[in-house]
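Chain by chain, the residues:
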Amino acid sequence: SCLREKPVMSNIGKSTNILWHDCPIGQTERQKLLGQKGCVIWITGLSGSGKSTVACALSRELHYRGHHTYVLDGDNLRHGLNRDLSFKAEDRTENIRRVGEVAKLFADAGTICIASLISPYRRDRDACRALLPDSRFIEVFMDLPLELCEARDPKGLYKLARTGKIKGFTGVDDPYESPVNSEIVIKMEGGECPSPKAMAQQVLSYLEKNGYLQA
Ligand SMILES: Nc1ncnc2c1ncn2[C@@H]1O[C@H](COP(=O)(O)OS(=O)(=O)O)[C@@H](OP(=O)(O)O)[C@H]1O
Ligand SMILES: Nc1ncnc2c1ncn2[C@@H]1O[C@H](COP(=O)(O)OP(=O)(O)O)[C@@H](O)[C@H]1O
């Protein structure tokens, strides 16, 4: 049986009398099978900074190298798991909390989980970091200027925000708290934005140098 010898009942949040089940196949076994370390690469930045693009480029590069990855994209998750959440501060906090818990499950499964969300509040990002000890949480800050993001405006949302048609848009009339201790900072080089492949390579080099690409 997977049950502990002496079951310990717990109360967590609103759940009472719950029991944690341990199983013989754990993260270590799954990582050995996959030949990699389960981790969470958390990409934070303004809308239009290139989070989704670098997440997909990184996933592609890792996949081609034989690694198992999964992308959790804020926009996409708001169509399903987080469809009940708005952009009010408390809903953004709940959004990040949920995605952090899901990302933790993927990392426990041995997957390299790539999460791309604006995740504007430092406290929320740090709460996710606390879910993933042993350096399993790698924060990537898309440190690109608002002017660049707004000039891109692929969804026209900055324009709507500037004309007051969207209220509380990050970077316009809602805060973005820049990270102060990201493992990786992606920024302009020589006044130019690096290519998606170059950005992905910067993250790949970090993963290789720090042993994530072997069990
Ligand atoms: N008010 C407001 N503020 C910011 N962003 C908004 C807003 N309304 C809609 N959108 C679109 O939602 C995308 C951000 O969703 P996230 O889940 O990443 O945001 S957050 O982490 O909860 O702040 C974001 O997508 P990306 O451009 O991919 O970042 C926006 O296009
Ligand atoms: N490295 C890059 N170089 C040039 N354009 C980029 C780069 N990354 C993203 N873009 C473009 O910028 C826009 C926003 O990219 P996206 O990945 O959707 O950003 P986010 O997910 O942060 O909102 C898109 O039109 C995309 O093609």
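Note that residues are indexed from 1 along each chain, following the sequence as it is written. Chain letters and ligand numbers both follow the written order, the letters beginning at A and the numbers at 1. Confidence filtering applies because this is a predicted model: local features only for residues at pLDDT of at least 70, side-chain atom pairs given and counted only at 80 or more, and all residues used for totals across whole chains, interfaces and linings. Derived side-chain values reflect all non-hydrogen atoms in the structure, with water molecules and hydrogen atoms excluded from consideration.

- The name given to the chain in an unreviewed UniProt entry is Adenylyl-sulfate kinase, and the organism recorded there is Aegilops tauschii subsp. strangulata.

**Here we look at the packing of helix H2 (residues 51-64) against helix H8 (residues 196-209)**
- Angular values range over 0 to 180 degrees, each being the angle between N-to-C directions of two axes fitted as lines to C-alpha atoms, with helices fitted over their stretch in contact. For the purposes of this entry, the term helix denotes a DSSP run of H or I that reaches at least four residues, the term strand denotes a run of E that reaches at least two, and both are numbered from the N terminus. At a closest axis distance of 8 Å, the pairing of H2 and H8 adopts a crossing angle of 60 degrees. When the axes of H2 and H8 are compared, the pair comes out oblique. Helix-helix and strand crossings are classified by hand; for H2 and H8 the assignment is right-handed. Counting all contacts with H2, which are made through Thr 53, Val 54, Ala 57, Leu 58, Glu 61 and Leu 62, the residues of H8 involved are Pro 196, Lys 197, Met 199, Ala 200, Val 203, Leu 204 and Leu 207. Between 65 and 115 degrees an angle is taken as roughly perpendicular, under 35 as roughly parallel, over 145 as roughly antiparallel, and anywhere else as oblique. Left-handed is the label given to a crossing in which the near helix is rotated counterclockwise from the far helix by less than a right angle, and right-handed is the label when the rotation is clockwise. For this analysis, residues touch if any pair of their heavy atoms sits within 4.5 Å.

**Examining the site of ligand 1**
- Near residues are defined by distance, with any heavy atom within 4 Å of the molecule or strand qualifying the residue. Inspection of the region around ligand 1 gives 19 residues, with Ser 47, Lys 51, Arg 78, Asn 95 and Ser 119 positioned closest.
- Throughout this description, a polar contact denotes any pair of N or O atoms lying within 3.5 Å of each other; where both atoms belong to protein, one of them has to be capable of donating a hydrogen while the other can accept it, and for residues adjacent in sequence the pair is counted only when both atoms sit in side chains. The contact in question runs from an oxygen atom of ligand 1 to an N or O atom on the side chain of Ser 47, over 2.6 Å.
- Within the contact set of ligand 1, a nitrogen atom lies 3.4 Å away from a backbone nitrogen or oxygen of Thr 170.
- Note that accessible areas follow from Shrake-Rupley with a 1.4 Å probe, and for residues the cover is restricted to the protein chains shown. Within the complex, 92% of the 630 Å² of free accessible area of ligand 1 lies under protein.
- Elements represented by at least two residues in the shell around ligand 1 include exactly helix H3 (74-77) and helix H4 (89-108).
- Here the residues of the shell around ligand 1 sort into 7 nonpolar, 7 polar and 5 charged. Amino acids are sorted into nonpolar (Ala, Val, Leu, Ile, Met, Phe, Trp, Tyr, Cys and Pro), charged (Asp, Glu, Lys and Arg) and polar (every other residue, Gly among them).

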